[in-house]
Amino acid sequence: MTDLARGARAWWIVGLLAALSALAGVFTLPPIDRDESRYAQATAQMLETGDFVEINYLDEPRNKKPVGIYWLQAAAVALTSDAGDRQIWAYRLPSVLGAILAALATFWAGQRLVGREAAFAGAALLATTVLLGIEGGIAKTDGVLAGVTTLAMAALANARSGDRPGWRTALLFWSAIGLGVLIKGPVTPMVAGVTALTLVVWERKIAWLKPVLVWWGPILAGLIVLPWLVSIQIATDGQFLRDALVGDLGPKLVSGHERHGGLPGYHLLVLPIVFFPATLFLIPGVGRVVAALRGHDNRMAGAARFLIAWAVPTWILFELLPTKLPHYVLPLYPALALAAGWGLVELGKAAHWQRWAGWALFAIGAGVFAIFLPYVFITYGNNASWDAIRLAQAGFEGGFQLGLDPYAAAWVFGSGALFLALSAATLTTDRLRPGALALVFAVLSGLGWHVAARSGAFAEAYAVRLADQVRAARAYSETITGLSPDEIVTASSYTEPSLAFSLGTDTVLGTAEEVLAFAEGRDEPTMLVLDLSRDAELRADLRTEARSVYELRLEMIATEWRPEFSSPVPQEPPWMAADRLRGERLAWMRELGACHHTLASGTNYARGTNTVLVILFTRCAPEDTANDPQD
């Protein structure tokens, strides 16, 4: 452990582990969260319009979170991609950097608290945890928030260390506070403030805060936040703060906002899953914290109090908060990781029951993932449904695949088996030879999960790629309508943010009735996307038509139809009857001028429902007028 934690190499190892965990799936996963697509779309609109003050999602203001994450994403896209390319990986890069910063800041803080070896172990475990890797790989606020909050806490730990911290400590602390506010409002100052207040009350000492209590600190934080805040208040006539505080933050404090509720104890219940693999050493680590409080070493007792003040009071606040999501407590995970690292380096002092409890928590996480990974792939690895099959029989092109891709299946099950092997090796090594080797296998288990899940099962789950399927269908626009995919206007009753991000800002979203009315009023080529799962009448009509066509074709095959020339009445072949029936039932498609129809099939991951999208191209002969959605 001493060799691993020595010199600059330790910093590189911690940073690399965090980067590998966060990057797993960054380039292969579609947008997997509604908020991720909203953030990315709002950022794309900033780049398209050049307005970096107001935050808009399509034609609506998005007055929920401050502008910091949008600026970071805009910079990342400007440096590596282009807003028109709609490459989600570029918008995820700030989160990757946030995860790296969180791991490195944990290492710095830990050296001031629990020693270099325990700090290295804790930072390495944090870098590969399930939750930090996930949040570090999607285009939201929480990866960056974890980074700047941990930096603020590391500066606070450095101020407390008594090693005569200079003005740079205060500079880092207040810069992190200001950036945290610009990223996600009050979370960073709340975590730092609650920690400091708890320690002052507990120890009845405030002198240790002197290095960061400088007169220019709040001014620096204000200079980071206030210019934009004043600008957005002016631009929105004061609406931003009203919407952010009353419309977004307020409901989270009084109820389970947006159906994200949970009873107290929720975060503790999911800890064995989202804190994997660090759970292996968490209980022994808690044991070391408690022992340090009872011991006679004032320095280690002070470190134990700091970790408790960092994690426990704010954790209780989040448990009492009616709205709950796993990532809410992510800024507190570095404290738990340092406790776990402390438990690892002093594992010989842990009680036997603590070792067993750690093995049990680790085994629970590994077991859940061992079942969950193949379940996700088998369930969502193909997107065939009866509705899609019947529509295909009725003449709708493509849109689904039967069976699982054998190469994808080999990748998923192979990486899943590797994850299980690493987990078993971790438990065996920790049992027989605890120490650095157990840390190595635990870290590899965490990385194995990210590869198996985010680069494997989730990335290969074809059924959740509905937006990608629609974009692929739009790629044929030039062949069908003469307009390039970027020029044709799309109107959709499938209103998921992932579709808006994939297709672009000019996408028109609404109900099926609104989409059809929009198309009827246009003379220019238009692509329509109709979500059958949200329109029971349209779904029933199309299913009835598809079933009738399908049954007639089966009848043709079963009876081996032969015309009877002696019959005085001309006989109609079943396939002609099928075409006639299709034409009668889908007369509304003719009225729209539909010239091509296809389908996309899959699962709406946000709603958990099977979804079939009917995709129509209308008015296929382009006019001379511009193809503007406002026409």
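Notes on the structure follow. (Residues numbered from 1 in each chain as written. Predicted model: local features only at pLDDT ≥ 70, side-chain atom pairs only at ≥ 80, totals over all residues. Heavy atoms only, no water.)

### Thoughts on empty space enclosed by the protein
Phase 1: Considering all chains together, one arrives at 1 cavity of 30 Å³ or more under this definition.
Phase 2: In this structure, the largest cavity encloses a volume near 40 Å³.
Phase 3: Contributing to the lining of the largest cavity are Pro30, Pro31, Val464, Arg465, Leu466, Ala467, Asp468, Ser498 and Tyr605.
Phase 4: It is helix H20 (residues 466-474) that contributes the most residues to the lining of the largest cavity, 3 residues altogether. (1 Å grid on protein atoms, 1.4 Å probe; cavity = no way out; pocket = protein on both sides within 12 Å on 5 of 7 lines; lining within 4 Å. Points joined across faces, edges and corners; volume = space filled by probe spheres on them. Helix = DSSP H or I, 4+ residues; strand = E, 2+ residues; numbered from the N terminus.)

### Structural notes on the sheet that holds strand E3 (residues 489-492)
Strand pairing in a sheet relies on backbone hydrogen bonds, with the paired strands running either antiparallel or parallel.
Phase 1: Pairing in this open sheet of 5 strands is mixed, and the strands run E4-E3-E5-E7-E6 from one edge to the other. Unpaired on one side and paired on the other, strand E4 (508-509) and strand E6 (594-604) mark the two borders of the sheet.
Phase 2: Across the face of the sheet, H20 comes into contact with E3, strand E5 (526-531), E6 and strand E7 (609-618) while running at roughly 160° to E6.
Phase 3: Contacting E3, E4 and E5, helix H23 (residues 512-520) runs over the sheet at an angle of about 165° to E5. (Pairing = 2+ DSSP bridges. Contact = heavy atoms within 4.5 Å. Axes fitted to C-alpha atoms, helices over the stretch in contact; angles between N-to-C directions.)

### Description of the layout of surface pockets
In this approach the atoms are scanned with a rolling probe the size of a water molecule, which exposes any empty space left behind.
Phase 1: For the second largest pocket, the calculated volume is near 520 Å³.
Phase 2: Lining the second largest pocket are 21 residues, with Tyr57, Leu58, Asp59, Glu60 and Leu509 positioned closest to its centre.
Phase 3: For the lining of the second largest pocket, the elements supplying multiple residues, two or more each, are strand E2 (60-61), helix H11 (239-254) and E4.
Phase 4: It is H11 that provides the largest number of residues to the lining of the second largest pocket, a total of 3 residues.
Phase 5: Taken together, the residues that form the lining of the second largest pocket break down as 7 nonpolar, 6 polar and 8 charged. (Nonpolar A, V, L, I, M, F, W, Y, C, P; charged D, E, K, R; others polar.)

### Structural notes on helix H3 (residues 68-80)
Phase 1: The end-to-end C-alpha distance of H3, which contains 13 residues, comes to 19 Å, matching closely the 18 Å that a straight helix rising 1.5 Å per residue would cover.
Phase 2: When we look at burial in H3, the residues that qualify are Gly68, Ile69, Tyr70, Gln73, Ala74, Ala76 and Val77. (Expected span 1.5 Å × (residues − 1). Buried < 20%, exposed > 50% of the residue type's maximum accessible area, 1.4 Å probe, protein only.)

### Let's talk about the state of the cysteines
Phase 1: Taken as a whole, this structure holds 1 disulfide when the rule is applied.
Phase 2: Sulfur-sulfur distance for the disulfide between cysteine 595 and cysteine 620 comes to 1.3 Å. Across the S-S bond of cysteine 595 and cysteine 620 the torsion is about -45°, and the bridge reads as left-handed. Of this pair, cysteine 595 sits in strand E6 while cysteine 620 is found in the segment after E7, placing the two residues 25 residues apart along the sequence.
Phase 3: Since its relative accessible area comes to 41%, cysteine 595 is described here as partly exposed.
Phase 4: Taking relative accessible area as the criterion, cysteine 620 reaches 14% and is therefore assigned buried. (Disulfide = S-S within 2.5 Å.)

### Looking at the side chain of threonine 106
Phase 1: Looking at where threonine 106 falls in the secondary structure, it is placed in helix H4 (residues 88-113).
Phase 2: Exposure remark for threonine 106: the relative accessible area of 0% places this residue in the buried category.
Phase 3: Separated by 2.7 Å, the side chain of threonine 106 and the backbone oxygen of alanine 102 make a polar contact.
Phase 4: In this structure, threonine 106 is in contact with Ala123, Leu126, Thr150, Pro334 and Leu338, ignoring residues within four places of it in sequence. (Polar contact = N/O pair within 3.5 Å; in protein donor to acceptor, adjacent residues only side chain to side chain.)

### A few points about the packing of aromatic side chains
Phase 1: A complete count under the given rule lists 19 aromatic pairs for this structure.
Phase 2: Relative to tryptophan 174, the ring of phenylalanine 173 has its centre 5.2 Å away and its plane inclined at 85°; by these criteria the two rings are edge-to-face. Here the two residues phenylalanine 173 and tryptophan 174 agree in accessibility, since each one is buried.
Phase 3: Plain terms: the ring middles of tryptophan 356 and tryptophan 359 are 5.0 Å apart, the flat faces sit at 80° to each other, and that makes the pair edge-to-face. Here tryptophan 356 and its partner tryptophan 359 are both found in helix H16 (residues 352-380), 3 residues apart, which amounts to about one turn of the helix.
Phase 4: Residue tryptophan 356 is classed as partly exposed on the basis of its relative accessible area, which comes to 46%.
Phase 5: Among the aromatic residues, those joined into a ring-pair cluster are Phe276, Phe362, Phe369, Phe419 and Trp449.
Phase 6: Taking NZ or CZ as reference, arginine 62 lies 4.9 Å from the ring centre of tyrosine 39, over its face.
Phase 7: Geometry around tryptophan 208 places arginine 160 over its ring, the cationic atom sitting 5.2 Å from the centre. (Phe/Tyr/Trp six-rings, centres within 6.5 Å; stacked < 30°, edge-to-face > 60°. Lys NZ or Arg CZ within 6 Å of the ring centre and 35° of its normal.)

### Focus on the nonpolar core
Looking at soluble globular proteins, one finds that nonpolar side chains tend to be buried together.
Phase 1: Judged by nonpolar contacts, the single largest core of 127 residues is most densely connected at Phe173, Phe281, Leu307, Trp310, Tyr333 and Trp342.
Phase 2: Of all the elements, helix H7 (residues 142-160) adds the most residues to this core, at 11 residues.
Phase 3: With residues up to four places along the chain from it excluded, the contact list for leucine 307 reads Leu113, Val114, Val289, Ala335, Leu338, Ala339 and Trp342.
Phase 4: Core analysis: the next-biggest nonpolar cluster, separate from the first, contains 17 residues, Ala388, Val489, Ala491 and Leu592 among them. (Core = buried A, V, L, I, M, F, W, Y, C linked by side-chain atoms within 4.5 Å.)

### Side note on the pattern of salt bridges
Phase 1: Using the criterion set out here, one finds 16 salt bridges in the structure.
Phase 2: Between glutamate 203 and arginine 305 there is a salt bridge, with the nearest N and O atoms lying 2.7 Å from each other. On the criterion of sequence distance, the pair formed by glutamate 203 in helix H9 (residues 187-203) and arginine 305 in helix H14 (residues 298-320) is long-range, its members being 102 residues apart.
Phase 3: One network of salt bridges, with partners in common, ties together Asp33, Glu135, Lys140, Asp142 and Lys184. (Salt bridge = Lys/Arg side-chain N within 4 Å of Asp/Glu carboxyl O.)

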